[in-house]
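Spelled out from the first residue to the last, the chains are:
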Amino acid sequence: MYKKLIYNTKYLPTELIEKCFVNSQYNFVDKQITGNGFTTGFLKLRPSEPYQSNIIIVPNKQVIKSKQKSYLKDSDINKTTIGFFYGDDSSNVLKFGKFDVMMFVVDSFLNYLTLIEENIYAIDKILIDEVHSILIQSTFRKRLVNFTETIKTKFQKNAIVSVTATPLLFQKIDIKLIKKNIKKRVINISKNQENTLENIKKSILKGNNVIVALQDVRLLKKLSDDQNKLRANLKVGVTLFRKIVENVDLILDTSSNLTIISSAGFEGFDVDNGINDIFIFEDRAFDYQTFYSQNIIQIIGRSRKGTGYIEWCRMSNNSRTALLSKDEMIKKSKSTKISFEKKMTDKNYSFILKYFDYDQDLDFGVITDLKFNPNKYGLAKELNDSDLLGLNIYNDFFFERGFCLKHLNNGAKRLNLRNVSNKQAFKNIKKNKDIVRRFELMNDLRIDLYPKEKLKYYIKAFEVFLRRKYWYSDKLLWEMSENELKGFIEANNTEECLNELFGYSILKNEKSINEALRVICKKAIQKKLGKICLKSKEFISWKKDLIENSKDRYIRLIMALSQHKIIIPKKIRNSRDYNLLTEVSLDLIIAVADLFSIDVYEVDIISCNPKIIYAFCGLKLPSDFYGKDKEKKKKINKLLNKLSIEFPKEFKIDERNYKNKRIEELRKLGFHEKVITFLIDEFWYRRKDALFNFCTYHEKKIINSLSSKLINTKTEGRYIRRHDSIISFGRLNDIQVNEIMNFEYMKQCGWFVKELKKDLFLENKFVKIKTI
């Protein structure tokens, strides 16, 4: 049961806040009311000793910069010396004993964590502010997973408080701060987007201050006038901001009676222009437009001087299905049918990747245990239940905060919204050019390379990229004549657009794509048949995958390599990254790179798995380990995949005899006795994929380490992992070659072969398309 602390003032009394902090204790505090001054009151608390500092941790830069801005204005608070740490040049330098309070954005705190632990004597009270936000963001920011648990473990003797006005329903509350006589407010619930838009327009015309929270720019466009102009104050993230300048003629006005906020602005800033009417659009059919009810309270709380009318247009998601129960998940996770690693990737255990953490042996890399994460599960279940069970699950939550929900009987209507055309978006950007430049909205763009169902969707993604990157051109690049393009390049020094336009032109000619693929598949099949049998299961499966997926992979590879800065989405599975480069042959990578005149190097670990095993045993792998022309390679690799007691058990054959035969095979293939002993002692009683996982774990560490060294040489090349090799797009300089040849891991050198891969079996076979 939680403890109640009652107050009847506008802001929380400092002495009440102080009661929340108890030495050697962690308290989760539900302050219930947004903007009631918990953080401000904490800033007035002095550390126990003059050489100590109190610490506040906030979820993001938006919050800390807002606090910094308020601190500079508040003459009462600024009697306290506060350091602000958020990674930018303007943030403070960490010096213990200099500040009464040190305020960290959570990422900066984690960066300084080791140093803070070493100086723990200089730390007194710790406040984790807006803790619900840290928890919600942990679903897409891995560094935040189990953050509060980490703080509780590492600072056990400190007084620690997590505080929020909007806890998740599954979180255990230790203290509730209860205000007497809370003013009651009504939240009107609508399912009619059209009506809500009309209500917003009426409120604006009356001269009311209005806050509109949304994620869909197409709804926002409906609020522009008949000249497509929109005057508003914005508190939105870059993604929505880009879309806004493409959809309306925007007039940024901080004094406007219309404030637009997105999920990036649900917290961490105040709207101080008076009483606001609040309108919220949520469409739970789309993940990016789905909110927690806690977000709704935070949105309403942005209007610091009070609220008038509140309307929440909430379109439900009728396709939700019930989650497995916590007990069912835990029971299924304990199945011994397959290894922990396979459970992390098997579709029948897909819930494990979402709701479980794991322990990993730091030497062997194998997963030793799966641990159910109640926070991850609780977040998902709350989203699910709010669709399946409705908003009644929040009755107490809203009531305690002074809200009652009123469902409007105005029918259900989801508008049929359309995106603006490329031409219109291009024109709108021009009108907003000053805003685009001021906020650098079109910087750091990437082509959307995620798989799509049809070629036309890839073309659309490419056009969006080109339209945004070259927004300042007089015409859309793909509509320029040869002379216009030449003039544009000379005037703006943008030769890189030639490769991008060439890639785009390939996508626009599906006939040529099909012709190229015919050649690709024919050559690939001929090459494969030189290695395996036509009627083997392996060949049949490989050919089926080639025929079904080559076109999609080829298109994505064209798009990826057309970029000046080649970036490919990661697809992490345990210790490997199954990105696009792993889905295609090296021959195809080379051939496509040749189309764009890109030099390609493969930096490949020599005899990867045997070398890792030997190095772990403190031995150097013999240079002729695979034999002449690598004649023993296939046998060695097959044998390494069979060194587990699971195999004789599976086939119900004599375990001792099977084991002895494998040992004898290892000897015949030339394995060192020390290595044989290691393999049998360490892997015989493990799962059958344990040795593979051991090797891929060290493979990852080797590749990541070398990649960092290559990147640190500050060249413009791109280095992307492809299993046990690095693909370098761009020539390697002498410094990089030296790093490669002298690379050391586990006290062993000679890990890599550097060679330029130039198997041009497809050279001149592609149908090259004129750029213009």
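Residues numbered from 1 in each chain as written. Predicted model: local features only at pLDDT ≥ 70, side-chain atom pairs only at ≥ 80, totals over all residues. Heavy atoms only, no water.

A. Quick peek at the pattern of salt bridges. Applying the stated rule across the entire model yields 44 salt bridges. In this structure, Lys-381 engages Asp-385 in a salt bridge whose closest nitrogen and oxygen atoms are separated by 2.7 Å. In this pair, Lys-381 and Asp-385 are both assigned in helix 14 (residues 374-388), four residues apart and thus about one turn of the helix distant. Owing to a relative accessible area of 17%, Asp-385 belongs among the buried residues under this scheme. A salt bridge links Lys-475 to Glu-484; the nearest nitrogen and oxygen atoms lie 3.2 Å apart. In the salt-bridge network here, residues are joined through shared partners; they are Glu-282, Arg-284, Arg-314, Arg-320 and Asp-387. (Salt bridge = Lys/Arg side-chain N within 4 Å of Asp/Glu carboxyl O. Helix = DSSP H or I, 4+ residues; strand = E, 2+ residues; numbered from the N terminus. Buried < 20%, exposed > 50% of the residue type's maximum accessible area, 1.4 Å probe, protein only.)

B. Representation of the sheet that holds strand 18 (residues 403-413) within the structure. Within the open sheet, the eight strands sit side by side as 12-11-13-10-14-15-9-18. Their pairing is parallel. Of all the strands in the sheet, just strand 12 (249-252) and strand 18 have a single pairing partner and so form its edges. Pairs of neighbouring strands in the sheet enclose a mean axial angle of 30°, with direction left out of account. Taken together, the five bridges between strand 10 (residues 209-213) and strand 14 (residues 276-283) define a ladder with parallel strand orientation. Across the sheet, residue Ala-213 finds its bridge partner in strand 14, namely Ile-280. Those strands touched by helix 9 (residues 238-247) are strand 11 (229-235) and strand 12, and its axis lies near 120° from that of strand 12. (Pairing = 2+ DSSP bridges. Axes fitted to C-alpha atoms, helices over the stretch in contact; angles between N-to-C directions. Contact = heavy atoms within 4.5 Å.)

C. Molecular detail of the confidence of the model for the chain. Looking at the chain as a whole, its pLDDT mean stands at 91, while 97% of the residues score no less than 70. The least confident element of the chain is strand 24 (residues 752-756), whose mean pLDDT is 61; the most confident is strand 14, at 98. Predicted confidence is poor over residues 756-772, with pLDDT under 50, and the contacts of this stretch with residues over four places away or in other chains come to 43 contacts. (pLDDT = per-residue confidence, 0-100.)

D. Highlighting helix 25 (residues 608-616). For helix 25, the tally of buried residues reaches seven of nine residues, placing the bulk of the element in the interior. All buried positions along helix 25 are accounted for by Cys-608, Pro-610, Lys-611, Ile-612, Ile-613, Tyr-614 and Ala-615. Tucked into the core, helix 25 has its buried residues touching strand 21 (600-605), helix 26 (633-640), helix 29 (673-683) and helix 30 (690-711). Immediately beyond the C-terminal end of helix 25, within one or two residues, lies Gly-618, with a positive phi of roughly 80°.

E. Region of interest: unusual backbone geometry. In the Ramachandran plot, Asn-493 falls in the positive-phi region, its phi being about 55° despite a non-glycine side chain. Relative to the elements of secondary structure, Asn-493 occurs in the loop between helix 19 (482-492) and helix 20 (497-507). Classification of Asn-493 as exposed rests on a relative accessible area of 68%.

F. Region of the structure containing the packing of helix 22 (residues 537-562) against helix 24 (residues 586-595). The geometry of helix 22 relative to helix 24 is characterised by a closest axis approach of 10 Å and an angle of 45° between their N-to-C directions. By the angle class used here, helix 22 and helix 24 are oblique. Here helix 22 runs over helix 24; the crossing is right-handed. Touching Tyr-554, Leu-557, Ile-558 and Leu-561 of helix 22 are Leu-588, Ile-589, Val-592, Ala-593 and Leu-595, all from helix 24. Grouping the amino acids of the contact of helix 22 with helix 24 by side-chain chemistry returns nine nonpolar, no polar and no charged. (Parallel < 35°, antiparallel > 145°, perpendicular 65-115°, else oblique. Left-handed = near helix turned anticlockwise from the far one by under 90°. Nonpolar A, V, L, I, M, F, W, Y, C, P; charged D, E, K, R; others polar.)

G. Seen up close, the sheet that holds strand 6 (residues 123-129). With parallel pairing, the eight strands of this open sheet are ordered in space as 1-8-2-7-6-3-5-4. Two strands close off the open sheet at either side, each with one partner strand: strand 1 (3-7) and strand 4 (82-85). If you compare each strand with its neighbour and ignore which way they point, the axes differ by 20° on average. Pairing geometry for strand 2 (residues 25-30) and strand 8 (residues 175-179), over two bridges, is parallel. Among the inter-strand pairings, Asp-30 is bridged to a residue of strand 8, identified as Lys-176. Its contacts with the sheet place helix 4 (residues 106-118) against strand 3 (53-58), strand 4, strand 5 (101-105) and strand 6, and it is angled at close to 120° to strand 5. Contacts from helix 6 (residues 147-154) reach strand 2, strand 3, strand 6 and strand 7 (159-164), with the element oriented near 170° to strand 6.

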